[in-house]
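# Analysis of the macromolecular model
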Amino acid sequence: MSTSGDSQPYLNDFMMRDDEDGVSGDDESDNKHSGGNYMLREQDRFLPICNIIKIMKVPVPENGKIAKDARECIQECVSEFISFITSEAIERSIAENRKTVNGDDLLYAFANLGFDNYVEPLSMYLHKFREFTV
């Protein structure tokens, strides 16, 4: 399946390069150079299909099945959605001269990208999460 290139530049900017971290090896066959950046392998771009299938099976009746193309389509869409949100959160952290993306950056990204209906439940979850991890 084809991918939109919206999130690819951000992912490439944050991928570790062999020449920058001093690691050398024969990983060239796994990640091919493309203009100085590594091309992501399919398994590196998408969430694991087994996790997607587990989530998709929840509303499906016990004797129901999910077509392979449907699983792959959802896998691609979910992965692209996460990259879309993450790219916006990364932009905010960079603008604030931080290297770490936090929950507030993600909430900002959801609001900024027009997913306002997710902001309140996610902020409540983040608040509860922070209470329990203190």
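Scope of this entry: the structure provided in the associated data block. All figures in this text were calculated on a predicted structure; none of them were measured in a lab.

Criteria and thresholds
- Residues numbered from 1 in each chain as written.
- Predicted model: local features only at pLDDT ≥ 70, side-chain atom pairs only at ≥ 80, totals over all residues.
- Heavy atoms only, no water.
- Axes fitted to C-alpha atoms, helices over the stretch in contact; angles between N-to-C directions.
- Helix = DSSP H or I, 4+ residues; strand = E, 2+ residues; numbered from the N terminus.
- Parallel < 35°, antiparallel > 145°, perpendicular 65-115°, else oblique.
- Contact = heavy atoms within 4.5 Å.
- Nonpolar A, V, L, I, M, F, W, Y, C, P; charged D, E, K, R; others polar.
- Polar contact = N/O pair within 3.5 Å; in protein donor to acceptor, adjacent residues only side chain to side chain.
- Phe/Tyr/Trp six-rings, centres within 6.5 Å; stacked < 30°, edge-to-face > 60°.
- Buried < 20%, exposed > 50% of the residue type's maximum accessible area, 1.4 Å probe, protein only.
- Lys NZ or Arg CZ within 6 Å of the ring centre and 35° of its normal.
- Salt bridge = Lys/Arg side-chain N within 4 Å of Asp/Glu carboxyl O.

## As for the packing of helix H4 (residues 49-57) against helix H5 (residues 68-95)
Any two packed helices are characterised by how steeply their axes cross, that is the angle between the axes, and by the distance between the axes. Relative to each other, H4 and H5 sit at 105°, their axes nearing to 10 Å. Judged by the inter-axis angle, H4 sits roughly perpendicular to H5. Note on element contacts: H5 touches H4 through Ala70, Arg71, Glu72, Ile74, Gln75 and Val78, opposite Ile49, Ile52, Ile53 and Met56. Considered class by class, the residues forming the contact of H4 with H5 number 7 nonpolar, 1 polar and 2 charged.

## Looking at the environment of Thr86
As for its position among the elements, Thr86 is in helix H5. Expressed as a C-alpha distance, the spacing of Thr86 and Val101, which sit 15 residues apart in the sequence, is 8.5 Å. A polar atom in the side chain of Thr86 sits 2.6 Å from the backbone oxygen of Ile82.

## Some points on the packing of aromatic side chains
Going through the model one piece at a time under the given rule, you end up with 6 aromatic pairs. Considering the side-chain rings of Phe81 and Phe115, the 5.2 Å spacing of their centres and the 85° angle between planes classify their relative orientation as edge-to-face. With Phe81 in helix H5 and Phe115 in the loop between helix H6 (103-112) and helix H7 (116-132), the pair connects residues that are 34 residues apart, well separated along the chain. Arranged with centres 6.5 Å apart and planes meeting at 15°, the rings of Tyr125 and Phe129 form a pair that is stacked. Highlighted residues: Tyr125 and Phe129, both in helix H7, separated by 4 residues, approximately one helical turn. A relative accessible area of 57% means that Tyr125 is categorised as exposed. Through pairs of rings, three or more aromatic residues link up here, namely Phe81, Phe110, Phe115 and Tyr118. Taking NZ or CZ as reference, Arg92 lies 4.8 Å from the ring centre of Tyr108, over its face.

## Details of the pattern of salt bridges
What the rule picks out here adds up to 6 salt bridges. Note that Lys68 is salt-bridged to Glu72, the shortest N-O span being 4.0 Å. Residue Lys68 and its partner Glu72 are located together in helix H5, separated by 4 residues, close to a single helical turn. The salt bridge partner of Arg130 is Asp104, with a shortest N-O separation of 3.5 Å.

## Some points on the packing of H6 against H7
The interhelical angle for the contact between H6 and H7, taken along N-to-C directions, is 170°, at an axis separation of 9 Å. One way to sum up the angle between H6 and H7 is to call them roughly antiparallel. Of the residues in H7, those touching H6 at Gly103, Asp104, Leu107, Phe110 and Ala111 are Asp116, Tyr118, Val119, Leu122, Ser123, Leu126 and Arg130. Across the contact of H6 with H7, the residue classes break down as 7 nonpolar, 2 polar and 3 charged.

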